[in-house]
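Coordinates in review
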Amino acid sequence: MHIATVVAGLAAAPAAFADTIDVGGVKRSYTAQLPAKTPAPLVIVLHGKTQRGADMITRTAWPQVAKRNGFAVVFPDGLNNAWADARTEVGRAGRGPPAGTDDVAFIAKIVEKLVADGTADPKRVYVTGVSNGGAMTMTLICARADLFAAGASVIMNLTDEAAAACHPSRPLPMLLMNGTADPLIPFEGGRGSSYFAADGFWSTPRTLAFWRKLNGCEADDAAATALADSNAADQSTVTRISSRCPKGHDVVLYRVNDGGHRIPGLSPDARFPKIAASLLGPQNGDIDGAETIWAFFSQFP
């Protein structure tokens, strides 16, 4: 009886483990945290450039949100700490992954593996990412909409290249979460103020309009709701902008007013918060990115 109780307790605790998968002869790595009860919803979380999956584990609330809500969460690692989204090297800032890297195939293989082994519910697979990971999220929705139930892109806008390459097989719910004072991915488009910024970004309103059109939504805002300014010290506020869309095709923007190139959250998203604030702008603390995105995902299908 005592042993059975111990075993049951172990089964109830989510297990995080590192694994690899072969993609065209290249060994790719990821970390997964799985719930006791399966098949479960699955969220793929993509890090930003210069980061690894481990940074999303330690600097976001995704592990805690997944544990509390009983879903699987996977943190893949990009090659050269970057993702091969739909932009070419000309459109990128900094070092990208090796030539020929197929990250669409990598993420698809992870999803297919976890669906095949009974871990993931194929109707409830979601993808989200931050910065370069946000661009990769949009690339995945454009290329493999059949795999996902919804997507969420944080601190990223489209480019001409990414938009031209976007032909999703079906409309999917999309959440955007961008800061108006982002020095890398400018809210109004073009090139950011940071030395490390690339040029050619669309504005967030234009990116929002693109997803609304793809999803058959009306062009104008359905509502703009100011969220509670619960953290007065964070130098920013949040406005939720909703859309009039067909059922199940929702598009929503969380506009972080005066927010920087940061993941909103209740814990620091950087090892050195003061340096991050000077380089990337303020981190909003009125909402938590993982909590907010999961609340959106959990509505679909």
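Once that is clear, we can look at the overall build of the protein. Counting its secondary structure elements, the protein contains nine helices and 10 strands. Here the protein has a C-alpha radius of gyration of 19 Å; the compact-globule value for 301 residues is 19 Å, and the two agree. Each principal axis of the C-alpha atoms in the protein carries an extent, and together these give about 60 × 45 × 40 Å. Taking all 301 residues of the protein together, the buried fraction comes to 54%. In the protein, of all internal contacts separated by at least 6 residues, the share reaching a separation of at least 24 is 64%. Element-wise, carbon and sulfur atoms account for 57% of the exposed surface of the protein, whose accessible area totals about 13300 Å². Computed over 28 positive and 28 negative side-chain charges, the separation of the two mean positions in the protein equals 4 Å.

Our next topic: the state of the cysteines. Inspection of the entire model under this criterion finds two disulfides. Here C142 is linked by a disulfide to C166, with a sulfur-sulfur distance of 2.1 Å. Residues C142 and C166 share a disulfide whose torsion about the S-S bond is about -85 degrees; that sign makes it left-handed. Residue C142 is located in helix α5 (residues 132–143), and its partner C166 is located in the loop between α6 (160–164) and β7 (174–179); the two are separated by 24 residues in the primary sequence. Per residue, the accessibility class of C142 equals that of C166, and both read buried.

Turning to the confidence of the model for the protein, a few remarks are in order. The predicted model of the protein averages 92 in pLDDT, with 93% of residues at 70 or higher. Under a pLDDT of 50 for its full length, residues 1–13 has, in the predicted model, two contacts with residues more than four places off or in other chains.

Before going further, it helps to examine the layout of surface pockets. In this structure, the largest pocket encloses a volume near 940 Å³. Lining the largest pocket we find 33 residues, and of these K49, T50, L184, H261 and L280 sit closest to its centre. Mapped by element, the contributors of at least two residues to the lining of the largest pocket are α2 (53–59) and α8 (273–280). Looking at which element gives the most residues to the lining of the largest pocket, the answer is α8, with four residues. Looking at the lining of the largest pocket residue by residue, the classes come out as 17 nonpolar, eight polar and eight charged.

Here the focus is the side chain of D103. Tracing the backbone shows D103 in helix α4 (residues 103–116). For D103, a relative accessible area of 1% puts it in the buried group. A polar contact is formed between the side chain of D103 and the side chain of R28, at a distance of 2.9 Å. Not counting residues up to four positions away in its chain, the partners in contact with D103 are R28, A82, W83, A84, M136 and L140.

Attention now moves to α4. Taking 1.5 Å of rise per residue, the 14 residues of α4 would be expected to cover 20 Å, and the 20 Å separating its terminal C-alpha atoms lies within 8% of that figure. Along α4, the residues that are buried comprise D103, V104, F106, I107, A108, I110, V111 and L114. Once α4 ends, the next one or two residues include G118, with phi positive near 85 degrees.

What counts as what
Residues numbered from 1 in each chain as written. Predicted model: local features only at pLDDT ≥ 70, side-chain atom pairs only at ≥ 80, totals over all residues. Heavy atoms only, no water. Helix = DSSP H or I, 4+ residues; strand = E, 2+ residues; numbered from the N terminus. Rg over C-alpha atoms; globule rule 2.2 N^0.38 Å. Buried < 20%, exposed > 50% of the residue type's maximum accessible area, 1.4 Å probe, protein only. Contact = heavy atoms within 4.5 Å. Areas by Shrake-Rupley, 256 points an atom, 1.4 Å probe, with all protein chains shown as cover. Lys, Arg positive; Asp, Glu negative; His and termini not counted. Charge placed at Lys NZ, Arg CZ, Asp CG, Glu CD. Disulfide = S-S within 2.5 Å. pLDDT = per-residue confidence, 0-100. 1 Å grid on protein atoms, 1.4 Å probe; cavity = no way out; pocket = protein on both sides within 12 Å on 5 of 7 lines; lining within 4 Å. Points joined across faces, edges and corners; volume = space filled by probe spheres on them. Nonpolar A, V, L, I, M, F, W, Y, C, P; charged D, E, K, R; others polar. Polar contact = N/O pair within 3.5 Å; in protein donor to acceptor, adjacent residues only side chain to side chain. Expected span 1.5 Å × (residues − 1).

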